[in-house]
Amino acid sequence: EDNEAGRERLAMFKRVFKVAREHGMEMMVDVNPGVYESFKLPRNEIKWFKELGATGLRLDEDFGGVVEAEISNNKEGMKLVLNPSTGIGVFKKTIENGGNGKAILSCHNFYPMRYTGVKYEQFIKNSIHTKDMGCEVAAFITLPEESKGVGPWNVNEGIPTLEEHRDLPLVDQAHHFLTMGFVDWI
């Protein structure tokens, strides 16, 4: 953005990211083609996000595999985050185009509306495929019922990855992922 409010917003993000990183947190920026257009950035830009304080980029859309491969091989040490919840096509295209599976985090989505979460069989299949490509796997668990009213959506019935986790206690959700043996980040 070329206006003062946009510059202030970016400065605020830099401050937040700095504090988060000082506390050992990873900062993944969720981007789509509109973000690149808004800031007039090439689709494979990584340095700008690193300077902002991000440790990785989560591409919210399929960029075709070539861009993902370039980002996964960046010299900045940034991670690439892709979503396997809807399929693994973008992972295959990225690896086929020379992508670095070890720099890719396979992070499933979270689902704030009941009955929209990933089915167990789909989760297992897509996670194992991306794990076999060398990627780490991440998934979301959700807070107990009394905490579900928080979030930017009109509907917030928890934010699990797996639909079957939606009403389970937090510890049971985490334990389930840990016992799978291939979920690296929760």
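In what follows, the structure referred to is the one given above.
What you see is a predicted model; the values in this text were computed from it and never measured.

A. Structural view of the overall build of the protein. Within the protein one finds 7 helices and 5 strands. Scanning the protein from its N terminus toward the C terminus, one meets helices and strands in the order α-β-α-α-β-α-β-α-β-α-β-α. For 186 residues, the compact-globule estimate of 2.2 N^0.38 gives 16 Å, and the protein sits close to it at 17 Å. Here the protein, with 186 residues, has 41% of them falling under the buried criterion.

B. Broad picture of the packing of aromatic side chains. This model, assessed by the stated rule, comprises 8 aromatic pairs. Here the aromatic rings of Phe123 and Phe177 are separated by 5.3 Å at their centres, their planes lie at 40°, and the arrangement is tilted. Note that Phe123 is positioned in helix H6 (residues 120-132) and Phe177 in helix H7 (residues 170-180), a separation of 54 residues in sequence. For the pair Phe123 and Phe177, a shared accessibility class is recorded, and that class is buried.

C. Region of interest: the packing of H6 against H7. Packing of H6 against H7 brings their axes to within 13 Å, and their N-to-C directions diverge by 40°. Judged by the angle between their axes, H6 and H7 are oblique. Crossing geometry of H6 relative to H7 is assigned as right-handed. Judged by residue contacts, Tyr120, Phe123 and Ile124 of H6 engage His176, Phe177 and Met180 from H7.

D. Fine view of the side chain of Thr94. On the secondary structure map, Thr94 appears in helix H5 (residues 89-96). The contacts of Thr94, once residues within four sequence positions are left out, are Gly65, Glu68, Ala69, Ser72, Leu82, Gly99 and Ile104.

E. Representation of the sheet that holds strand S1 (residues 28-31) in the model. Taken in spatial order, the 5 strands of this open sheet run S1-S2-S3-S4-S5, and their pairing is parallel. Only two strands of the sheet have a single partner each, and these edge strands are S1 and strand S5 (136-138). With direction set aside, neighbouring strand axes in the sheet form an average angle of 25°. Two strands pair when backbone bridges link them, and strand S4 (residues 104-107) and S5 are joined in this way by 3 bridges, in the parallel orientation. Residue pairing across strands places Cys107 opposite Ala138, the latter belonging to S5.

F. Main features of a nonpolar patch on the surface. Nonpolar side chains collect at one region of the surface, where Met12, Phe13 and Val16 lie side by side and expose about 230 Å² of accessible area between them. For Met12, the location among the structural elements is in helix H1 (residues 4-22). Residue Met12 is classed as partly exposed on the basis of its relative accessible area of 33%.

G. Layout of the pattern of salt bridges. According to the stated counting rule, one finds 10 salt bridges in the structure shown. The residue Asp30 makes a salt bridge to Arg58 at a minimum N-O spacing of 3.0 Å. Taken together, the residues span a long stretch of sequence, with Asp30 in strand S1 and Arg58 in strand S2 (residues 56-59) at a distance of 28 residues. A relative accessible area of 47% places Asp30 in the partly exposed class. Among the residues examined, Arg58 registers a relative accessible area of 11% and is labelled buried. Across the salt bridge formed by Arg166 and Glu163, the nearest N and O atoms sit 2.7 Å from each other. For the pair Arg166 and Glu163, one class covers both residues: buried. Among the ionic contacts, a cluster of salt bridges with common partners joins Asp30, Arg58 and Asp60.

The rules we used
- Residues numbered from 1 in each chain as written.
- Predicted model: local features only at pLDDT ≥ 70, side-chain atom pairs only at ≥ 80, totals over all residues.
- Heavy atoms only, no water.
- Helix = DSSP H or I, 4+ residues; strand = E, 2+ residues; numbered from the N terminus.
- Rg over C-alpha atoms; globule rule 2.2 N^0.38 Å.
- Buried < 20%, exposed > 50% of the residue type's maximum accessible area, 1.4 Å probe, protein only.
- Phe/Tyr/Trp six-rings, centres within 6.5 Å; stacked < 30°, edge-to-face > 60°.
- Axes fitted to C-alpha atoms, helices over the stretch in contact; angles between N-to-C directions.
- Parallel < 35°, antiparallel > 145°, perpendicular 65-115°, else oblique.
- Left-handed = near helix turned anticlockwise from the far one by under 90°.
- Contact = heavy atoms within 4.5 Å.
- Pairing = 2+ DSSP bridges.
- Patch = residues over 30% accessible without salt bridge, like charges linked within 9 Å, V, L, I, M, F, W, Y side chains within 5 Å.
- Areas by Shrake-Rupley, 256 points an atom, 1.4 Å probe, with all protein chains shown as cover.
- Salt bridge = Lys/Arg side-chain N within 4 Å of Asp/Glu carboxyl O.

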